[in-house]
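These are the residues of each chain, in order.
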Amino acid sequence: MSRKITMNRTENKTFEQVFSMFITSRTANGVSDATIRNYHQHLHSISKYLDIQMPFDKLSKSTIDDMIVAMRNSNLAYNSIATYVRVIKTFLTWCNEEGLSDVKIKGLKEKETVKETYTDEELEILLAKPKKDCNFCEYRNWVIVNFLLNSGCRAATIRNIQNRDVDLQRKQVIFRHNKNGKIQVIPLCSLMCNILIDYMKIRQGEAEDYLFCDQYGEMLTENGLRLAIERYNKKRGVSKTSTHLFRHTFARKYLVDCGGDAFMLQRLLGHSTLNMTKHYCTIFDADISKNYDRVSPLAQMHQEKKKITK
């Protein structure tokens, strides 16, 4: 009986049409807008290696294997292939649950990569306070850069912070918009509080207005924030322009330079599990060499022993 229902639901439908059913289902279940956009973007990329107009009932594991081989033959980066396979796996898991297909595949484990970060020299340039006669946007961008280094939050999170979310008395800010959908309370250092005191006097606005707005007081768009940071960095002679790079930089400096621990980093970055935090701990191990003389057994064995004198 279930097989008959499956045939009716997918009869004469293409892979693309069934994938659209998947996206509709995920949207109805409350998946974030960013994730939905990613599904559309990934499908477009996958379509270069898989015929998404093929009849869905012709889909098989060998079809997916052929797609992976085509991706590898085109010299697509391994981790990019792993990402696309993960999307297909998520889609097929949904199909299995809905009784639309019995095709199952294994995911590809992504390879560890060293995350690029901003150097201390670049940070010093970006954190230098702009002149008093600068316009609002440049001043706002400077505050945003400081905020990113204080919290390591995502771009979507920073765009959604409202004036009411900042509690300067308690030195904390509430993140209502997170990737995992959970509300998060993040501490603010004293320097960040002082910066926000001055900024909010200029920004003003109502309690529910967005803290980091455009020049007209409206919410910054995703592209608007990206371009704002890009222009700000380039104007100061820093070629790196990624907003997300500040998140990696925050993680590195917190773990290595500030001596922070993985469990607190997990809370600060809003990770549901320690997996991603462990990833940061692993890839930034090389930076520990800066202070290795203090903990190296070899270095300690060769330390000069001082004689006791009267």
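Whatever comes next refers back to the structure up there.
In this report, we go over the structure that sits alongside the text. From a predicted model like this one, the values you see are computed outputs, not experimental measurements. (Residues numbered from 1 in each chain as written. Predicted model: local features only at pLDDT ≥ 70, side-chain atom pairs only at ≥ 80, totals over all residues. Heavy atoms only, no water.)

### Notes on the overall build of the protein
Okay, step 1: Of the regular secondary structure elements, the protein holds 14 helices and three strands.
Okay, step 2: Sorting the 310 residues of the protein into buried and exposed places 40% on the buried side.
Okay, step 3: For the protein, the proportion of contacts with a sequence separation of at least 24, taken over those separated by at least 6, is 63%.
Okay, step 4: When the accessible surface of the protein is split by element, carbon and sulfur atoms take 51% of a total near 19000 Å². (Helix = DSSP H or I, 4+ residues; strand = E, 2+ residues; numbered from the N terminus. Buried < 20%, exposed > 50% of the residue type's maximum accessible area, 1.4 Å probe, protein only. Contact = heavy atoms within 4.5 Å. Areas by Shrake-Rupley, 256 points an atom, 1.4 Å probe, with all protein chains shown as cover.)

### Re the environment of Ile 161
Okay, step 1: Within the secondary structure, Ile 161 sits in the loop between helix H8 (155-159) and strand S1 (166-167).
Okay, step 2: Once the C-alpha coordinates of Ile 161 and Phe 212 are considered, the two residues, 51 residues apart in sequence, prove to be 7.3 Å apart.
Okay, step 3: Apart from residues lying up to four places away in sequence, Ile 161 is in contact with Phe 147, Val 166, Val 173, Phe 175, Asp 209, Tyr 210, Leu 211 and Phe 212.

### Some details on the packing of aromatic side chains
Okay, step 1: One pass over the full model with this rule turns up 17 aromatic pairs.
Okay, step 2: Where Phe 91 meets Trp 94, the ring centres are 6.5 Å apart and the plane angle is 20°; that geometry is what we call stacked. Linking Phe 91 with Trp 94, this pair stays in helix H5 (residues 78-98), spanning three residues, or about one helical turn.
Okay, step 3: Since its relative accessible area comes to 0%, Phe 91 is described here as buried.
Okay, step 4: Site record: aromatic cluster; members linked through ring pairs are Phe 15, Phe 19, Phe 22, Tyr 39, Phe 56, Phe 91 and Trp 94. (Phe/Tyr/Trp six-rings, centres within 6.5 Å; stacked < 30°, edge-to-face > 60°.)

### A closer look at the pairing of strand S3 (residues 184-187)
Okay, step 1: What you see with S3 is a clean split: Gln 184 and Ile 186 sit on the buried side and Val 185 and Pro 187 on the side with no burial.
Okay, step 2: Relative to S3, strand S2 (residues 172-175) is paired through four bridges, and the arrangement is antiparallel. For Val 173, the partnering residue across the bridge sits in S3 and is Ile 186. (Pairing = 2+ DSSP bridges.)

### Quick word on the pairing of S2
Okay, step 1: Of the two faces of S2, only one is covered, namely that formed by Val 173 and Phe 175; the face formed by Gln 172 and Ile 174 stays uncovered.
Okay, step 2: Pairing between S1 and S2: two bridges, direction antiparallel. Paired with Val 166 across the bridge in S2 is Val 173.
Okay, step 3: Remark: four residues form the turn of the hairpin made by S1 and S2, two consecutive strands paired antiparallel; Lys 171 in that turn has positive phi of roughly 60°.

### Points about the sheet that holds S1
Okay, step 1: A sheet is described by the order of its strands in space; here three strands give the open sequence S1-S2-S3, paired in antiparallel fashion. The open sheet has two free edges, formed respectively by S1 and S3, since each of these has just one partner strand.

Keep in mind these values describe shape, not function.
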